[in-house]
Amino acid sequence: MGVEWLAIIMFAIFLVLLLVGYPVAFSFAGTAIVFGAIGILLGEFDFNRLIILFSRWFKAVDNFTLLAVPFFVFMGAILEKSGLAERMLTTIGMALGRLKGGLGLTVVVVGAMLAAATGVVAATVIVMGLLSLPTMVRYGYDHRLATGLITASGTLAQLLPPSLVLILLAQVVGVSVGDLFLGAMVPGTMLAGIYGAYCLYRAYTKEGVAPALPDEARTIRGVDLIKELLIAVVPIILLILAVLGTIFRGIATPTEAGAVGAVAAMALAAANRNLKWPVIAGASRSAANITGLVLMILFCSTFFQLIFDQLGGQRLAQEILTGLPGGFWGFVIIANIAVFLLGINLEFIEITFIAMPIFVPAVRALFETGVTPFDTLPALMIWFTVMIAINLNMAFISPPVGFSLFYLQSVKPPEVKTIDIHRGALPFMALQGVALVLVMIFPATVTWLPTVVG
């Protein structure tokens, strides 16, 4: 096997460090330093190759698309911290409250809208947990259904554009962010529709699971409700459509659209007289924290990949992945299983920089052999990337350690038990699995436009 045994041990120790809770960035850098030194001492690694590291770092950060990350986080944080998201949730809840399951349907609709506005799972789940879960509990919703709707709808932020997951995946995979956004639109909308349909099915087939709001709770009606919808909901919809529309039509890059969206969100907050210094400071802090985390992991993962590649790890991984039983579909199944298992313990940022650099070369190699059902490499890469993003949705709500479950646990009212949150996630994991299978069987759900097919 040659020097590849070092790469295997290196990757195994890296995973052990992650499982015991060591910070991801330090795990990347620490294992790279130790095994780089071992490789030098054994004569298996040329120290001069480290010069490449600086050019890789520069190439990684010299990417205009990465600037979209702080802009989109800031835009979503302004909507959250200024109270605009709360007002939107209340208004839509009033509009749909007369239906059985109306509050649950509101959670799905607002979850999808917040996902498209924030791109951050934690923000979406926590906001909806704080605002909607106490109301749903108060009016007699089944605790499992209520919590499952919140955690599942909140994770749509990983899939619906302008998702931070998609932005980072585009960076690693090497595809257009705009094309990836387009490719994720149908699967993301399909997931939201499946959640809404399941909520209504439960509401109308089992009495008392998801009752309609009583008349006294619907304090806004008629013309006043229409006015509130025009003020609280329509501007945010127009903001989302404008940001995504300019990206899809090629009028603006994701970074430019994100910058305009951030300014527009501040304008909406100002129009509602909620643009105060604590709101701006809090939104700026959120954007700085996430951006700093992304860059730190990016730098350290680049160092790890350099050492791993030079020790022959990438070559060995590609040989293993392309030689799996079942060919292309065998690889797809194993890749999905691996991402799901990693997603139980890791955030999407870590998985993006751990798994995708290993999978992408294997996908390209399989395409060159002609065993994939795709005519163009961009179409294959976009389909594979969207499929991984759907898989991450499943991992994020999987008991016992799915991150969305912990986000909701941190803000749940006392009458909601932790076991309700975990058991409530199971049906939605199954629904996400259905969506994943549909995307695998029908690639046209992703490669649905000529611009995506390439």
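Each value, and the rule that gives it
- Here the residue numbers are simple positions, counted from 1 along each chain's written sequence.
- Local features in a predicted model are, by the rule used here, given only for residues with pLDDT of at least 70; side-chain atom pairs are given and counted only at 80 or more, and totals for whole chains, interfaces and linings are based on all residues.
- The basis for every side-chain value is the complete set of heavy atoms in the structure, and neither hydrogens nor water enter the calculation.
- Comment: elements are numbered from the N terminus, with helices defined as DSSP H or I runs of at least four residues and strands as E runs of at least two.
- Within these notes, the globule rule equals 2.2 Å times the number of residues to the 0.38 power, and the radius of gyration is based on C-alpha atoms.
- Buried, partly exposed and exposed residues are distinguished by accessible area as a fraction of the type maximum, computed with a 1.4 Å probe on protein chains only: under 20%, between the cut-offs, and over 50%, respectively.
- Positive residues here are Lys and Arg, negative ones are Asp and Glu, while His and the chain termini are left out of the count.
- We put the charge of a Lys on NZ, of an Arg on CZ, of an Asp on CG and of a Glu on CD.
- In summary, the pairing rule links any two rings of Phe, Tyr or Trp, Trp by its six-membered ring, whose centres are within 6.5 Å, and it sorts them by plane angle into stacked for under 30 degrees, edge-to-face for over 60 and tilted for everything else.
- Here, expected helix span is obtained from the residue count minus one, scaled by 1.5 Å.
- Bend angle per residue: angle between axes fitted to the 7 residues ending at that residue and the 7 residues starting there.
- Under the rule applied, a polar contact is a pair of N or O atoms within 3.5 Å (in protein, one hydrogen donor and one hydrogen acceptor; residues adjacent in sequence only if both atoms are side-chain atoms).
- For helices, the fitted line uses only the C-alpha atoms of the stretch in contact; every axis is such a line through C-alpha atoms, and the angle between N-to-C directions lies from 0 to 180 degrees.
- Here a crossing is taken to be left-handed if its near helix is turned anticlockwise relative to the far helix by less than a right angle, and right-handed if that turn runs clockwise.
- Whether two residues are in contact is decided by their heavy atoms, any of which lying within 4.5 Å being enough.
- Under the scheme applied, nonpolar residues are Ala, Val, Leu, Ile, Met, Phe, Trp, Tyr, Cys and Pro; charged residues are Asp, Glu, Lys and Arg; polar residues are all the others, including Gly.
- Our angle categories are set so that under 35 degrees counts as roughly parallel, over 145 as roughly antiparallel, 65 to 115 as roughly perpendicular, and the remainder as oblique.
- Residues grouped as a nonpolar core are buried Ala, Val, Leu, Ile, Met, Phe, Trp, Tyr and Cys residues, joined through side-chain atoms within 4.5 Å.
- Working note: the arc is built from the helix axis to C-beta atom directions.
- What counts as a salt bridge is simple: a side-chain nitrogen of Lys or Arg found within 4 Å of a carboxyl oxygen of Asp or Glu.
- Exposure above 30% relative accessible area and the absence of a salt bridge qualify a residue for a patch, where like charges join within 9 Å and nonpolar side chains (Val, Leu, Ile, Met, Phe, Trp, Tyr) within 5 Å.
- Here the accessible surface of atoms and residues is derived via Shrake-Rupley with a 1.4 Å probe, and residues count as covered only by protein chains that are part of the display.
- Scored from 0 to 100, pLDDT reflects the predictor's confidence in each residue.

Re the overall build of the chain
Part 1 of the reasoning: When helices and strands are tallied, the chain shows 23 helices and 0 strands.
Part 2 of the reasoning: What you see for the chain is a C-alpha radius of gyration of 23 Å, in line with the 22 Å of a compact globule of 454 residues.
Part 3 of the reasoning: Summarising its shape, the C-alpha atoms of the chain cover approximately 80 × 45 × 45 Å along the three principal directions.
Part 4 of the reasoning: A burial count over the chain gives 54% of its 454 residues as buried.
Part 5 of the reasoning: Side chains of the chain carry 23 positive and 22 negative charges; the gap between the two charge centres is 10 Å.

Description of the packing of aromatic side chains
Part 1 of the reasoning: Summed over the entire model, instances satisfying the criterion amount to 15 aromatic pairs.
Part 2 of the reasoning: Ring plane angle 80 degrees and centroid distance 6.0 Å describe the contact between Phe331 and Phe359, whose orientation is recorded as edge-to-face. Of this pair, Phe331 sits in helix α17 (residues 327-345) while Phe359 is found in helix α19 (residues 356-368), placing the two residues 28 residues apart along the sequence. The same class applies to Phe331 and to Phe359, which are both buried.

Describing helix α11 (residues 177-205)
Part 1 of the reasoning: Taking 1.5 Å of rise per residue, the 29 residues of α11 would be expected to cover 42 Å, and the 41 Å separating its terminal C-alpha atoms lies within 8% of that figure.
Part 2 of the reasoning: The axis of α11 is deflected most strongly, by about 35 degrees, at Met185, and proline Pro187 appears within four residues downstream.
Part 3 of the reasoning: Sitting at the head of α11, Ser176 places a side-chain oxygen 3.3 Å from the backbone nitrogen of Gly178.

Quick notes on the packing of helix α5 (residues 84-96) against helix α12 (residues 222-232)
Part 1 of the reasoning: Their axes nearest at 10 Å, the elements α5 and α12 cross at an angle of 145 degrees. Of the two elements, α5 crosses α12, and the hand of that crossing is left-handed. Across the interface between the two elements, Arg87, Met88, Thr91, Met94 and Ala95 of α5 pack against Leu225, Glu228, Leu229, Ile231 and Ala232 of α12.
Part 2 of the reasoning: For the contact of α5 with α12, the residue count by class is 7 nonpolar, 1 polar and 2 charged.

Quick notes on the side chain of Ser404
Part 1 of the reasoning: With respect to the secondary-structure elements, Ser404 resides in helix α21 (residues 403-409).
Part 2 of the reasoning: Leaving out residues up to four positions away in the same chain, Ser404 has contacts with Val121, Val125, Thr151, Thr155, Phe396 and Ile397.

Some remarks on the packing of helix α7 (residues 121-131) against helix α9 (residues 143-154)
Part 1 of the reasoning: Between α7 and α9, whose axes approach to 8 Å, the crossing angle comes to 150 degrees. Overall, the two elements α7 and α9 adopt an arrangement that is roughly antiparallel. Handedness of the crossing formed by α7 with α9: right-handed. For the pair α7 and α9, the contacting residues are Val121, Thr124, Val125, Met128 and Gly129 in the first and Ile150, Thr151, Ser153 and Gly154 in the second.

Quick notes on unusual backbone geometry
Part 1 of the reasoning: Despite not being glycine, Arg273 shows a phi value in the positive range, around 60 degrees.
Part 2 of the reasoning: Inspection of the secondary structure assignment puts Arg273 in the loop between α14 (254-271) and α15 (277-310).
Part 3 of the reasoning: Judged by relative accessible area, which is 75%, Arg273 ranks as exposed.

As for the nonpolar core
General note: in soluble globular proteins, nonpolar side chains tend to be found buried as a group.
Part 1 of the reasoning: The biggest cluster of nonpolar side chains holds 158 residues, and the ones touching the most others in it are Phe28, Phe331, Phe359, Trp383, Phe384 and Phe428.
Part 2 of the reasoning: No other element matches the 14 residues that helix α20 (residues 377-396) contributes to this core.
Part 3 of the reasoning: Ignoring any residue separated from it by four or fewer positions in sequence, one finds Phe359 in contact with Leu321, Phe331, Ala335, Ala338, Val339 and Phe384.

Remarks on the side chain of Ser27
Part 1 of the reasoning: Among the secondary structure elements, Ser27 is positioned in helix α2 (residues 24-41).
Part 2 of the reasoning: Beyond its immediate chain neighbours, meaning those up to four positions away, Ser27 contacts Phe14, Leu17, Leu18 and Tyr22.

Re helix α16 (residues 313-322)
Part 1 of the reasoning: Among all positions of α16, only Gly313, Gln314, Leu316, Ala317 and Leu321 are buried. End-on view of α16: buried residues confined to an arc of 160 degrees, all on one side of the axis.

A few points about the environment of Ile349
Part 1 of the reasoning: Mapped onto the fold, Ile349 is located in helix α18 (residues 348-354).
Part 2 of the reasoning: Since its relative accessible area comes to 5%, Ile349 is described here as buried.
Part 3 of the reasoning: If sequence neighbours within four positions are ignored, Ile349 has contacts with Leu168, Leu293, Val294 and Ile297.

Describing the pattern of salt bridges
Part 1 of the reasoning: Following the criterion strictly, the structure yields 3 salt bridges and no others.
Part 2 of the reasoning: In this structure, the salt-bridge partner of Arg87 is Glu228, at a minimum N-O distance of 2.6 Å. Placement of the pair is Arg87 in helix α5 and Glu228 in helix α12, with a sequence separation of 141 residues.
Part 3 of the reasoning: Relative accessible area serves as the criterion here: at 30%, Arg87 is assigned to the partly exposed category.

Examining a nonpolar patch on the surface
Part 1 of the reasoning: Together, Ile226, Leu230, Ile231, Val234, Ile237, Leu238 and Leu241 give the surface a local cluster of nonpolar side chains, amounting to about 630 Å² of exposed area.
Part 2 of the reasoning: For the nonpolar patch, the secondary structure elements donating two or more residues are α12 and α13 (234-248).
Part 3 of the reasoning: Inspection of the secondary structure assignment puts Ile237 in helix α13.
Part 4 of the reasoning: Judged by its relative accessible area of 33%, Ile237 falls in the partly exposed class.

Quick notes on the environment of Leu145
Part 1 of the reasoning: Within the element layout of this structure, Leu145 appears in helix α9.
Part 2 of the reasoning: In this structure Leu145 comes out as buried when scored by relative accessible area, which is 2%.
Part 3 of the reasoning: Measuring from C-alpha to C-alpha, the distance between Leu145 and Ser410 comes to 18 Å, with 265 residues separating the pair along the chain.
Part 4 of the reasoning: Not counting residues up to four positions away in its chain, the partners in contact with Leu145 are Tyr198, Arg202, Val209, Ala210 and Phe428.

A look at the confidence of the model for the chain
Part 1 of the reasoning: For the chain, the average pLDDT comes to 82, and 95% of its residues sit at 70 or higher.
Part 2 of the reasoning: Note on residues 450-454: pLDDT under 50 across the span, and 12 contacts to partners over four residues away in sequence or across chains.

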